[in-house]
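# Tertiary structure, described
So you can see what is in the structure, the chains are spelled out below.
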Amino acid sequence: MKFIHTADLHLGSPFKGLTNLPSAIRQAVHNSIYQAFDTLVAQAIDLKVDFIVIAGDEFDNVERDLQAQLYLQQKFLELAQHHIPVFLIYGNHDYLTSSQAIVSYPSNVHVFGPQISTVTLKLVSGLRIAVSGFSYDQNHLTANKAQSYPARLDNVDYQIGILHGEIGQTNQNNYAPFSVEDLQSKGYDYWALGHIHQRQIINKNPYIVYPGNLQGRHRKETGAKGYYLVEWDGQQTNLEFRAVAPIIWQNQQLDVARIQDLDTLIKQITQTIANKQNTLVELTFTNYEKLSTTIQGLIDSGELLATLQKNAQSEHFNYIYRFHRQFTTKTIYQAIDEPFWKQAAQDVFTKANLQQHLGKLQQVAAIRDVYQNPDFLAKLQQTAIDIISQNKMED
Amino acid sequence: MQITGVNIYGFGCFVDTKFNFQTDYQVILGNNETGKTTLLYFIRSILFGFASARGQEKYRRYLPHKSSKYGGEVYLLDADNNHWTIKRTKKQNSELLTVYENDQPKTTADYLQLLAPMTSDLFIKTNFIDQTALEQVYHLTDDELLEQILALGAVGSSDWLKLRKKLQKDADQLYRPRGKKYELNQLLDKHQSLQAQLQEFDNENTKYHQLQAQLQELLQQEPDLQQQEEQLQQQVHQLEELQKKWALFQEFKALAHTATSPIAISATDITTYDNLQQSIAWNQQLVTNLQQQQKNSSLNSQQQAQIAYFLQNQAQFQRLQQQQQELKFQSQYLKANIIPQQQQLQEQRSTLLQHNPQLNADLTPLTQQQLQQFQKLLTQLKGQKQTSKQTTKLALGVLTVGISGLVLMLTHKWFWAVIMFLIIFALSWWILTVQEAKSPTVHIRTHMQSFKQQYHLDNLTDQEVIDLQGIIMQLANLKQQLAANQKQIDDYQELRAQFLQRLSNLMRPVTAQTISDVVFDEYLRECQHLLQLQELQRTNHEQLQSKLTATHTQLTKLKQELAELFQKYHVDDSQQFEQLQSQLQQQHQEQQRKVLLQQTLGDDLNQLQKFTSLTELKQQLKQAQDNLQQLQQTLHHLNQQEAQITAQAQQLVNNDQYEQFLQEIEFNNTALTTAFSEWIGHVMAAQWISTTLNYASANRFPNLLQRAEQLFMQLTNGRFKVINFVEGELKLLTADKEQFDVHELSRGTAAQLYLALNLAFVLEVADITAMPILIDDALVDFDTQRKSNIFRIIQQMSQVTQVIYVCAQPPTANLIDSEHLLTLSR
């Protein structure tokens with residue numbers, strides 16, 4: 001018996017953290033999420049899997065994106081033609097709304113409702129599989145839903161729990177918080193989780209697994225992305241990760257301490273970012289202060305990045321979307337003044353003080369998202385240090 | 001900590017130069033270009049490292065002009081009276097620092113610990129005072145000066161103030177709340193417009209749903225219309241069919257009125273009639289043929305005449321035929337025997353005559369008697385002339401040969417010799433012969449000659465006459481035989497001529513041809529043939545006659561039968577019969593046509609009968625066609641609408657504009673947040689700096705002001721006595737208790753205040769770090785009085801820490817002893 005466990009497709013999601021892309025790469029980016037799922041479906045058919053489990057967040061924004069919905073319908077039809085059942089729940093991104101009724105899925109797709117339910121499936125081999133799960137019907141679920149899952153059925157060979165959520169305390173977490181013990185206590189064979197985009201196997205007996213998302217969409221979703229092919233031989237469950245993301249996000253570092261001239265720099269950049277797969281790269285220059293002012297000027301003005309971006313191939317690309325300059329920060333102030341700097345920082349880097357500067361900028365959601373980030377103030381102080389440090393060096 | 005001395009290996013203009021310093025303070029005098037400033041930078045470089053080659057720093061390196069060695073030693077004395085040697089050299093970018101404490105080598109870490117919390121940076125900012133710090137006071141606005149003064153509580157405050165300003169400026173270049181052109185402002189504008197567009201973006205789901213509903217509605221209308229269309233099409237089709245059949249219908253109607261005849265000729269009778277007609281015709285033809293045959297089998301008149309003539313003269317013809325046969329045999333005989341014999345005989349004669357040319361064919365042989373007579377004559381003659389003749393002839397021969405030889409000798413030509421020989425010989429021979437005749441035997445000879453003439457033997461010699469008698473005999477026999485043969489031939493020819501004459505006479509009436517054997521034979525054969533033919537025809541004729549009779553009988557019988565048939569149908573002849581038959585046949589055909597039409601029209605017949613005219617039918621068809629067209633248009637329109645809606649829906653499905661737009665928004669968001677982070681980073685950094693400076697000043701000013709008051713009093717020649725720091729502001733009190741704000745001070749006094757505070761801060765820091773203070777001619781702009789005050793200040797400062805002061809002009813009076821004074825020269 002084998003099945004595919006995937007989650008967090010986020011169909012229709014834009015890529016974040018990019019300011020611009022050449023049109024060909026932009027198109028590749030636009031296609032990538034669909035392409036990843038195309039590959040999954042093709043492999044499912046090819047591998048003749050018994051069924052597919054999708055643990056929520058199929059859509060990035062279900063209310064608006066018709067294209068994504070019709071795409072998924074089309075893909076499910078394709079799977080229906082090959083008699084591959086799909087068990088699907090909705091997550092916090094695509095929780096059940098009335099407007100969803102517009103697209104209907106073929107009969108091979110079972111969508112779990114907002115109440116936890118269990119369906120059983122009898123495979124051609126005679127094996128009986130039970131699948132339990134539920135869909136979000138609102139953005140946030142603070143209750144522990146895992147505890148409410150039914151106990152393992154007696155008459156099934158394998159039972160799977162699908163859950164979109166994260167480990168946490170009841171009422172302190174918005175995404176159906178649970179504990180590993182909660183899941184273990186149910187006696188299921190496999191917990192197909194969704195929500196966390198970083199692939200991870202939380203537990204092996206039984207397997208409690210986040211497959212991660214299919215295609216990274218920003219700088220924090222780095223590395224290969226794909227799904228888990230789960231095989232059960234009647235005794236043991238084996239997992240095989242299969243990468244399908246056509247575009248990989250990478251955060252690369254390049255120590256520029258010893259780089260003297262532009263040619264060497266470009267050569268080393270090219271070597272650092274070289275990858276057989278299509279990549280979007282954030283390149284961090286460490287020891288940036290060691291670079292000559294001329295080269296720094298080329299980097300600071302954006303000229304070097306623009307040139308590299310312009311030269312990026314579109315068929316196979318390792319595209320640098322951002323240079324990050326990292327300084328080996330010396331203490332910007334004298335030890336004898338340190339108390340005053342610290343005292344001042346406590347005054348300056350506060351939410352209240354920040355808000356005084358923001359004014360109408362607070363109305364912009366994207367900006368709010370930035371400064372409402374819990375570690376924003378700490379980062380801001382580091383940014384200030386970097387700025388001061390860089391400026392002092394320029395003197 | 002104090003500097004006790006330096007040992008310069010090579011630095012600027014100094015090469016292998018040593019100086020010792022006083023541990024409280026040291027004034028170093030020197031004109032321009034004597035290395036005052038170089039010396040201070042040497043100390044700084046050895047203690048804290050050589051200046052780098054980058055930026056402004058590169059002018060502070062002081063690479064030695066005249067030495068390959070760069071660096072030197074600085075000797076320190078710490079608070080515990082330990083002697084430290086700090087040795088720093090640089091060779092090809094590698095800086096080497098060696099440190100000894102009381103001649104014991106120490107690590108760099110030990111040394112840094114000795115310096116702490118002093119750093120290179122701090123030393124430059126606090127313990128290294130030159131004109132620049134003071135000069136800037138004169139370039140500041142009042143507010144800036146106040147700000148500078150108020151910020152003096154922190155290390156490097158003026159630099160910090162500059163940086164703060166720059167950061168604020170940078171921040172302002174990114175964003176201003178009421179700005180337009182700045183990056184963040186522009187990104188915000190774009191963000192706003194994108195958001196507005198997003199609002200305008202139709203809710204695709206709803207639209208798709210609406211389109212689907214519309215499509216369903218249209219699709220529901222379709223079957224009904226399609227049914228109507230089908231019905232109308234059927235109607236049109238039916239009417240078109242009726243229209244096509246209209247002509248047939250008319251024909252059918254016309255046929256409906258034709259009557260049917262009661263009479264009918266039976267099929268058997270028709271067959272009988274046809275057979276009879278055929279038989280009669282056949283028999284008649286037979287008669288004609290037979291008659292023709294009869295006619296053909298008679299001989300023509302010419303032939304009959306020919307036969308008659310032949311039969312009439314048959315006996316004569318037979319006789320002639322027999323005669324012809326005999327002649328033919330004779331002719332064959334002649335040809336086979338006589339003619340060849342004749343030829344042979346003639347050849348024999350010719351041969352003989354050729355051999356004996358002196359003879360001719362008609363000679364008659366001599367009789368025995370005649371021959372004896374001639375022999376007698378000859379014998380007589382021979383006896384007479386035998387001797388003389390012999391000698392003469394011999395002499396003649398010799399003579400001839402001799403003359404011929406002579407001629408040959410004379411002429412050398414054989415030709416002429418032979419000719420000559422012959423001529424002479426012939427002449428001689430002739431002469432001899434002539435002489436003979438005249439011989440005594442002439443008589444005999446004459447006799448002999450006449451004998452010969454008598455028997456025509458003139459051409460023969462006497463001997464030949466005797467010798468050739470046999471031949472002559474032969475010739476005579478041949479002549480006789482030839483004559484006999486010729487007679488036979490002539491006889492045959494005569495008979496033949498007679499025969500031809502008779503035949504010619506007989507055949508003249510029957511042929512114009514020249515009579516010949518062939519013609520005769522041909523004629524006979526022809527006659528024979530005609531006779532045979534005549535016999536044959538006679539037999540044939542009898543047979544034909546019998547056949548003819550039989551046919552006539554048959555014909556009569558057939559005609560009788562036909563007459564009976566005509567009678568049966570009351571017609572007189574076959575023309576009438578056939579007319580009747582044709583009439584009946586037409587009636588039958590019409591009947592059949594009618595049935596066929598009825599079948600073809602079928603059910604339509606009833607429909608057709610409803611219409612009075614074709615026009616009416618056409619009108620109804622036109623109406624139906626119009627109706628159909630109208631309905632089809634409606635349907636077409638409906639289909640178009642459906643297609644349009646489907647296309648719209650498909651477009652919505654295919655349209656990735658929305659997702660592309662979301663990406664566009666994300667691009668903007670990234671740019672926006674990046675610019676925002678940059679901006680707020682700058683804003684906060686600037687604020688952090690100013691806040692820090694405030695804290696530093698607020699903390700340090702109470703201490704600072706005590707030192708500053710004394711310094712300020714010195715610098716103002718005792719005019720100002722008190723500096724108060726109240727609520728973040730400085731108040732200055734004169735000796736007369738007069739109070740000034742900073743901005744009320746003259747620029748010179750403000751500069752003195754700044755210097756006082758600055759020096760106070762340096763002393764404050766020096767108090768903590770205990771590092772020497774290096775002053776580079778910082779007070780150059782002061783008047784004489786104030787300049788001398790400086791030396792007092794230096795002495796005052798040296799109570800806190802060692803001061804090394806370099807200047808161009810010596811202090812007035814005996815303010816400083818010679819130990820504390822070091823003069824540099826070129």
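Residues numbered from 1 in each chain as written. Chains lettered and ligands numbered in written order. Predicted model: local features only at pLDDT ≥ 70, side-chain atom pairs only at ≥ 80, totals over all residues.

## Quick notes on the overall build of chain B
Threshold: Where helices and strands are cited, they refer to DSSP runs of H or I of at least four residues and of E of at least two residues respectively, numbered from the N terminus. Around each residue's C-beta, the other C-beta atoms within 10 Å are counted; 20 or more make the residue buried, 12 or fewer make it exposed, and counts in between make it partly exposed. All C-beta atoms are placed from the backbone. Each residue gets a C-beta atom placed from its backbone, and two residues are in contact if those atoms lie within 7 Å.
Check the secondary structure of chain B and you find 24 helices and 14 strands. Burial analysis of chain B (826 residues in total) assigns 23% to the buried set. A fraction of 75% describes how many contacts in chain B between residues 6 or more apart in sequence connect residues 24 or more apart.

## Brief notes about the sheet that holds strand β13 (residues 247-255) of chain A
Residues and elements named next belong to chain A. How we decide: Each pair of strands is called paired provided DSSP finds at least two bridges between the two strands. All axes here are fitted lines through C-alpha atoms, helices being fitted over the stretch that makes contact, and every angle between N-to-C directions spans 0 to 180 degrees.
In spatial order, the strands read β13-β14-β15; together these 3 strands make up an open sheet with parallel pairing. One side of each edge strand has no neighbouring strand; the edge strands of this open sheet are β13 and β15 (318-325). When strand polarity is set aside, the average angle formed by the axes of neighbouring strands in this sheet is 20°. Bridge count for strand β14 (residues 278-286) against β15 is 7 bridges, and the pairing is parallel. The residue of β15 that forms the bridge with V281 is I320.

## As for the environment of K276 of chain A
Residue position: K276 of chain A is located in the loop between α4 (262-273) and β14. Considered as a pair, K276 of chain A and F317 of chain A are 41 residues apart in the sequence and their alpha carbons are 8.7 Å apart.

## Re the environment of I124 of chain B
Residue and element names in this part refer to chain B. Its location among the elements puts I124 in helix α3 (residues 120-127). The class for I124 is partly exposed, based on 14 C-beta atoms found within 10 Å. Sequence separation between I124 and I773 is 649 residues, and the spatial gap between their C-alpha atoms is 10.0 Å.

## A short note on the interface of chain B and chain A
What counts, and what does not: Each residue gets one label: Ala, Val, Leu, Ile, Met, Phe, Trp, Tyr, Cys and Pro are nonpolar, Asp, Glu, Lys and Arg are charged, and the others, such as Gly, are polar.
Facing 50 residues of chain B, the contacting portion of chain A comprises 43 residues. Broken down by secondary-structure element, the contributors of at least two residues to the side of chain B that touches chain A are α3, α6 (157-174), α7 (183-200), α8 (204-255), α21 (614-654), α22 (657-715) and α23 (747-769) of chain B. Tallying contributions element by element places α22 of chain B first for the side of chain B that touches chain A, with 27 residues. Of the residues contributing to the side of chain B that touches chain A, the split by class is 26 nonpolar, 18 polar and 6 charged.

## Quick look at the packing of helix α5 (residues 142-150) of chain B against α23 of chain B
Residue and element names in this part refer to chain B. What counts, and what does not: Geometric relationships in this document are graded by angle, where less than 35 degrees denotes roughly parallel, more than 145 denotes roughly antiparallel, 65 to 115 denotes roughly perpendicular, and other angles denote oblique. Helix crossings are classified by the rotation of the near helix relative to the far one: an anticlockwise turn of less than a right angle makes the crossing left-handed, while a clockwise turn makes it right-handed.
At a minimum axis separation of 10 Å, α5 and α23 run at an interaxial angle of 20°. Relative to α23, α5 is oriented roughly parallel. For the element pair α5 and α23, the recorded crossing hand is left-handed. Contacts between α5 and α23 involve L145, Q148 and I149 on the former and, on the latter, A750, L753, Y754 and L757. Across the contact of α5 with α23, the residue classes break down as 6 nonpolar, 1 polar and no charged.

## Overview of the confidence of the model for chain B
Note the threshold: A residue's pLDDT is the confidence the predictor assigns to it, expressed on a 0 to 100 scale.
Per-residue confidence for chain B gives a mean pLDDT of 84; residues scoring 70 or more make up 94%. We note a pTM of 0.60 for the whole complex and an ipTM of 0.87 for its interfaces.

## Description of the nonpolar core
Convention followed: The nonpolar core criterion groups buried Ala, Val, Leu, Ile, Met, Phe, Trp, Tyr and Cys residues into a set whenever they are joined through C-beta atoms within 7 Å.
I52 and V53 of chain A are the most contacted members of the largest nonpolar core, which totals 209 residues. Here this core takes 22 residues from α22 of chain B, the largest share from any one element. In this view, V53 of chain A contacts F3, I4, H5, F87, I160, I162 and A192 of chain A; residues no more than four positions away in its chain are not counted. In this structure, L359, F374, L457 and I472 of chain B belong to the second largest nonpolar core, which totals 8 residues.

## Observations regarding the pairing of strand β5 (residues 117-122) of chain A
Consecutive side chains along a regular strand alternate between the two faces of the sheet. Residue and element names in this part refer to chain A. Bridge analysis of β5 against strand β6 (residues 128-133) gives 6 bridges, and the strand direction is antiparallel. Within β6, the residue paired with T118 across the bridge is S132. The hairpin turn running from β5 into β6, its antiparallel successor, is 5 residues long, and G126 in that turn takes a positive phi close to 100°.

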